[in-house]
Amino acid sequence: MRLTVAQALVRFLAAQYTERDGRRRRLVAATWGIFGHGNVAGIGQALLESGPEAMPFLQGRNEQAMVHAAVGYARQSGRLSTHAVTTSIGPGATNLVTGAALATINRIPVLLLPGDTFATRPADPVLQQLEVPHAGDVSVNDALRPVSRHFDRVTRPEALIPAALQAVRVLTDPVQTGAVTLALPQDVQAEAHDWPEEFFADRVWGVRRPRPDRAELAAAADAVRGSARPLIVAGGGIRHSEAQASLAALAEATGIPVAVTQAGKGVLPYGHPADVGGIGHTGTATAGDLAREADLVLAAGTRLSDFTTASATLFQHPAVRFVGLNLDPYDAHKLAARPLVADAREALDELREALAGHRVDTAYETAYRREAARWEARVDLAYAVSAPDEELPPTQAQVLGLLDALVDGSDILVNAAGSLPGDLHKLWRARSADQYHLEYGYSCMGYEIPAAIGVALAAPGRPVWALVGDGTYLMNPTEIVTAVQEGVPIRVVVLDNHGYASIGGLSGAVGAEGFGTAYRFRAPDGAYTGDPLPVDIAANAASLGMAVIRARTVRDLREALAEARSATRPTCVYVQTRTPDTVSGPPPAQAWWDVPVAETATRKAASQAREEYDRQAAQRRRHL
């Protein structure tokens, strides 16, 4: 079959499938693209020729945002289906780097197809080519190497077959998956070649569920039986494995409490008796206290990032030991854990059988449930709206409380950065396994709006909410145009607090006094402490085609959210939030996070912050 390299690649991708538990999914469900001279005549022509039935096309506005949308789709699809992203050479290709890093850090599959400079070098340099005097084979696409789980450059038509097969192998591998990059020189894309028809036959890639090693399983069961205060820390791997029911069954059978990471929140539904909420710097007091006193931690499907471990200060029991349940041996061995390398669902089911008849002490179970109930009362206080509040701007916690009162298990919340992840992790009551969609591996401002589009494409008919601050909105609002164009009815809630609220708070805590974090005019002394900038985000969203509802008070916001939830077109709810008081606001951080403070300074704030830093840092442990 004689086709160009680009035509062959598109045809090949259209015939790739994943299969797990007897369910088959198309691997690459669509391709996002922005065209330039590096891909318009190759991949662009191939997509046109293939037609939308073979490979649907989605027109993006920003290359980074296209990757975010693909990641949102892939995560919502359980990592069994994803999107490809094609760009031109030059800035189009380098704009992929942030999205690629996000995908790889979060272990989410996405296929990147950047155009590249000429392989045959008839024009050298071509427009946008990076010239490296000591290496003629380097292009800007090489910037994608460290943030890709697999990278290849197809410099000859014959090389496409092994390159494409390896790319799909990595995309469908639950351990290795992440961003996969195939750099495509623009001349090679358009070059014709005779291809074997077998290359285009339907190909099904089984997604493995490895069972645990018997010795590792026995050691894990012995460790649990020998502990007095065990704790399960559940991460995103539970969700990727669809192991929520298995986790619940283990917790119910043994009474072991379950704390969740940002990626793991929702794996136990709100109200489950074993759920003690988020763990770590953004977690609950209940989970934090349990972690400090735990003598055994079963880390299930988590990377154990610094937010989860409170920068190695959280697990303080002198004899604490760890069991690392993870599909990836790299993660399973962290904190000198006893590894349990397996699929989460398979391992949790077999661990439950191995622990048959074992249950934690009744007093332990009663105590953590009592503390979890106390935390829920604290959430109620943060969400509460008094009669005078009705005519005031809402606090950020009250915004979440109004959403909490409105949504059901079909709604999905998307967030990634700013002060919202902390409030959501502590306060949000997830009603379904996939309602809580937090990207906190890379915590990338600008992820929320394009990711919400991807989520909505993967879950048609479900209300999808992108929760963003004004800083995040201004970082990357461009895909609103795509949502309008495609008729994807995402709901964007913009909470305007006139600056980088999260980093402003952190800046104050580390002695930097909020420097450079407010969106305000310069004062006479040169600092950004003047009046708020006259930026009208609501007007901007309207200019990009969204329906916009402005809410000035709590009463307005309650009505606006209800109207947005029933909307059939992309809708923005805009509200300026007020600072909460110290009584009813969201609880502060319940565990430390290591952000180094200046060791020497002339300003009092920095000196005081350093004293607190030294005090906290002294609690760090090496778990060996």
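Residues numbered from 1 in each chain as written. Predicted model: local features only at pLDDT ≥ 70, side-chain atom pairs only at ≥ 80, totals over all residues. Heavy atoms only, no water.

1. Structural notes on the overall build of the protein
Right, on to step 1. The helix and strand tally for the protein stands at 24 helices and 23 strands.
Right, on to step 2. The globule rule puts the C-alpha radius of gyration for 624 residues at 25 Å, and the 25 Å found for the protein is close to it.
Right, on to step 3. Relative to its full complement of 624 residues, the protein shows a buried share of 57%.
Right, on to step 4. In the protein, of all internal contacts separated by at least 6 residues, the share reaching a separation of at least 24 is 77%.
Right, on to step 5. Of the side chains in the protein, 59 bear a positive and 68 a negative charge, and the two mean positions are spaced by 3 Å. (Helix = DSSP H or I, 4+ residues; strand = E, 2+ residues; numbered from the N terminus. Rg over C-alpha atoms; globule rule 2.2 N^0.38 Å. Buried < 20%, exposed > 50% of the residue type's maximum accessible area, 1.4 Å probe, protein only. Contact = heavy atoms within 4.5 Å. Lys, Arg positive; Asp, Glu negative; His and termini not counted. Charge placed at Lys NZ, Arg CZ, Asp CG, Glu CD.)

2. Looking at the packing of aromatic side chains
Right, on to step 1. Counting across every chain of the model gives ten aromatic pairs.
Right, on to step 2. Geometrically, the ring pair formed by Phe35 and Phe57 is stacked, given 5.3 Å between the ring centres and 20 degrees between the ring planes. Placement of the pair is Phe35 in the loop between strand S4 (28-33) and helix H2 (40-50) and Phe57 in strand S5 (residues 57-59), with a sequence separation of 22 residues.
Right, on to step 3. We classify Phe57 as partly exposed; its relative accessible area is 32%.
Right, on to step 4. Each ring, one from Tyr500 and one from Tyr519, has its centre 5.0 Å from the other, and the planes form 75 degrees; the classification is edge-to-face. Of this pair, Tyr500 sits in the loop between strand S21 (491-496) and helix H21 (501-509) while Tyr519 sits in the loop between H21 and helix H22 (537-543); the two residues are 19 residues apart in sequence, bridging distant segments of the chain.
Right, on to step 5. These aromatic residues form a ring-pair network of at least three members: Phe12, Trp195, Phe199 and Phe200. (Phe/Tyr/Trp six-rings, centres within 6.5 Å; stacked < 30°, edge-to-face > 60°.)

3. Details of helix H3 (residues 63-76)
Right, on to step 1. Under the 1.5 Å per step criterion, the end-to-end length of H3 is 20 Å for 14 residues, consistent within 8% with the ideal 20 Å.
Right, on to step 2. With respect to burial, H3 is a largely interior element, 14 of its 14 residues being buried.
Right, on to step 3. Capping the start of H3 is the job of one residue whose side-chain oxygen sits 2.9 Å from the backbone nitrogen of Gln64: Asn62.
Right, on to step 4. With its phi angle positive at about 70 degrees, Gly78 sits one or two positions after the end of H3. (Expected span 1.5 Å × (residues − 1). Polar contact = N/O pair within 3.5 Å; in protein donor to acceptor, adjacent residues only side chain to side chain.)

4. Considerations on the sheet that holds strand S14 (residues 275-278)
Where strands meet in a sheet, backbone hydrogen bonds hold them as pairs that are either parallel or antiparallel.
Right, on to step 1. With parallel pairing, six strands are arranged side by side in an open sheet as S14-S13-S12-S15-S16-S17. Strands with a single pairing partner mark the edges of an open sheet, and in this sheet they are S14 and strand S17 (338-341). When strand polarity is set aside, the average angle formed by the axes of neighbouring strands in this sheet is 20 degrees.
Right, on to step 2. Sheet analysis places strand S12 (residues 230-234) next to strand S13 (residues 258-260), joined by three bridges and oriented parallel. Bridge assignment links Val233 to a residue of S13, and that residue is Ala259.
Right, on to step 3. Set on the sheet, helix H8 (residues 214-225) makes contact with strand S15 (296-300), strand S16 (321-326) and S17; between it and S17 the angle comes to about 125 degrees. (Pairing = 2+ DSSP bridges. Axes fitted to C-alpha atoms, helices over the stretch in contact; angles between N-to-C directions.)

5. Considerations on the pairing of strand S8 (residues 150-153)
Right, on to step 1. Across four bridges, the pairing between S8 and strand S9 (residues 179-185) is parallel. Counterpart to Arg153 in the pairing with S9 is Ala183.
Right, on to step 2. This β-α-β element, S8 to helix H6 (residues 160-171) to S9, shows right-handed connectivity. (Right-handed = clockwise from strand over helix to strand, strands pointing away.)

Function cannot be read off these values alone, since they describe shape.
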